[in-house]
Amino acid sequence: MMKKIEDEKWLRVALEEAGKGIGLTAPNPPVGAVLVKDGVELSRGWHRKVGKAHAEREALSCLTEGEARGATIYVTLEPCSTKGRTVACVSALIEAGVKRVVYGSLDPNPDHAGRADEILKAAGIEVESGLCEEECDHLIRGFAMVQRKGRPWVIAKTAISLDGRITRPPGEGQWLTGAEARRKVHLLRGEVDAILTSGQTLREDDPALTIRSEQISSLKEQPLRAVMTRKEIEKENYQLFTDQFRDRSLLFQKVDEYDVLRTLAREYQVNTVLLEAGGDLLGSFSDKELIDEWVIYLAPMLCGGPKLGLAGKGATNLQERLSLKNLTIEQIGDDLYARGLIDRDGPKDLQR
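**Here's the deal with the pairing of strand 2 (residues 40-46)**
Along any regular strand the residues' side chains alternate between the sheet's two faces.
Phase 1: One ladder, built from 6 bridges, connects strand 1 (residues 32-37) with strand 2; its direction is antiparallel. Of the residues in strand 2, the one forming a bridge with Leu-35 is Ser-43.
Phase 2: Here strand 1 folds back onto strand 2, and the loop between the two strands holds 2 residues, one of which, Asp-38, carries a positive phi near 55°.

Structure, rendered in C-alpha cells:
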C-alpha cells in the first residue's frame, strides 16, 4: 500500500512536468518524467516540442553517467519503443540502467501499445502501468483522438446569456462577458494547436483569434486560425488574412466538418482544435458528434432574440440529449465558467 502511495506521489510530479508542454508538442503528446532513487528525486523532464528530447531523455540528460542506475522513472505515457525523430526512449532507459519504470497511459497508437513493456521486461526492468491513468489519459486526449479516429480533439467554446442567446444589437461590441473572462479565453487558446471559426463570425466580428497573454509560455507559437465558409471570402477585408500572423490562417470553402478536422490533423499536425463560432456552426459540429469538450461562459444578462448559442437539429428526445462529465464550474468576475467533457456513455436518467 505504501509503495502505491509513493508511486502515485511521484507520478503526479511527472504530471505537473507534462502540464508544461500542453499546447506545445503537436503532433506529439505532452509527457512528463521524474527519476527517483531511494525516495529522493534525481531529476525531472518534460517534452517541449516535436524533434526535441522526450521527457525521459531530458530527465536522464540532467544526470552524470551511471547516476540513474538502480533508479525508478515515473512517466505519464508509455515510453516510446521505435525510432522516430529521436532514438527510442526504451533504449535510453535500458542503457542508463534504471531498475523500474512506472507509467500512466498506454501509447494510444495500436502499433506501439504495450511494446515497451516487452522490451523493458526482457532487459530485466520492472514495469508497472495504469497509475493515475485517467489524469494521464486526459493529458493526451488530443493525441489519442488523432491516433484512434484520425481527427483532432475538439473543444467548443461559447459565451452566452442566461437564456442561451448570443443576440446583440447591430454595431454593438462582440463580447457578452467581462474582461476577466476574456483573459481566461487567451489561456484556453494557449492549450490548442488551431482555432476554427465560421465565415459568418469572420464577417460579423473580424476576430483576431490570437493569444494575447503574458501568462502563456514564450515557446508557444500562435495557433493556426481556420475559417469554414460556404460563401466567397474577400481576404483583404479581414485581419486573419492581413495581420502579422496571416501565414497561419487557413480557409476551407465548401468543405464539411469532418474533412476539415481530418485535414488539420493530417496536413497541419494538429492534435487539438478550439471551435470559436456562432450557434449554427457549433450546432452542426454537435449534431455530427464532433465536439468532445465544452467551455461555456455564462453572462449575467437576458438577451432574447433569434441568435442561439447552440443551434443545429439538437436532441429530439431525452435519450439523445448531451451530458457533461468531469465538470468544473467557477465564477470569473460577474460571469460563470463551466468546462466539461462530453459523456459518450450517454445521459443519466432524469427523475420525473
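Next comes the rest of the write-up.
**A closer look at the sheet that holds strand 2**
Phase 1: Taking strand neighbours across the sheet as the criterion, the 5 strands line up as 2-1-3-4-5 in an open arrangement whose pairing is mixed. Unpaired on one side and paired on the other, strand 2 and strand 5 (126-129) mark the two borders of the sheet. This sheet shows a mean twist of 15° between the axes of neighbouring strands, independent of strand direction.
Phase 2: Across 4 bridges, strand 1 lies against strand 3 (residues 72-77) in antiparallel orientation. Bridging from a neighbouring strand, Ala-33 pairs with Val-75 of strand 3.

**Quick look at the sheet that holds strand 10 (residues 272-276)**
Phase 1: In spatial order, the strands read 9-8-7-10-6-11-13-12; together these 8 strands make up an open sheet with mixed pairing. Edge positions in the sheet fall to strand 9 (249-253) and strand 12 (324-332), since each has one partner strand and no second. Pairs of neighbouring strands in the sheet enclose a mean axial angle of 20°, with direction left out of account.
Phase 2: Pairing analysis gives 7 bridges linking strand 12 to strand 13 (residues 335-342), with the strands arranged antiparallel.

**A closer look at the pattern of salt bridges**
Phase 1: Applying the stated criterion across every chain yields a total of 24 salt bridges.
Phase 2: Between Glu-128 and Arg-100 there is a salt bridge whose closest N-O contact spans 2.9 Å. Pair noted here: Glu-128 is in strand 5 and Arg-100 is in strand 4 (residues 100-105), with a separation of 28 residues, a long-range link.
Phase 3: The exposure class of Glu-128 is partly exposed, given its relative accessible area of 25%.
Phase 4: Taking the shortest distance from any N to any O, the salt bridge between Lys-288 and Glu-257 comes out at 2.5 Å. One end of the pair, Lys-288, is in the loop between helix 10 (279-287) and strand 11 (293-299); the other, Glu-257, is in helix 9 (residues 257-268), and 31 residues separate them in sequence.
Phase 5: Assessed through its relative accessible area of 6%, Glu-257 is described here as buried.

**Considerations on unusual backbone geometry**
Phase 1: For the peptide bond that leads from Ala-26 to Pro-27, omega is 10°, which places it in the cis range.
Phase 2: Note that Pro-27 resides in the loop between helix 1 (2-19) and strand 1.
Phase 3: A positive phi angle, near 55°, is found at Leu-209, a position not held by glycine.
Phase 4: Relative to the helices and strands, Leu-209 resides in the loop between helix 8 (199-205) and strand 8 (224-229).
Phase 5: For Leu-209, a relative accessible area of 4% puts it in the buried group.

What counts and how
- Residues numbered from 1 in each chain as written.
- Predicted model: local features only at pLDDT ≥ 70, side-chain atom pairs only at ≥ 80, totals over all residues.
- Heavy atoms only, no water.
- Pairing = 2+ DSSP bridges.
- Helix = DSSP H or I, 4+ residues; strand = E, 2+ residues; numbered from the N terminus.
- Axes fitted to C-alpha atoms, helices over the stretch in contact; angles between N-to-C directions.
- Salt bridge = Lys/Arg side-chain N within 4 Å of Asp/Glu carboxyl O.
- Buried < 20%, exposed > 50% of the residue type's maximum accessible area, 1.4 Å probe, protein only.

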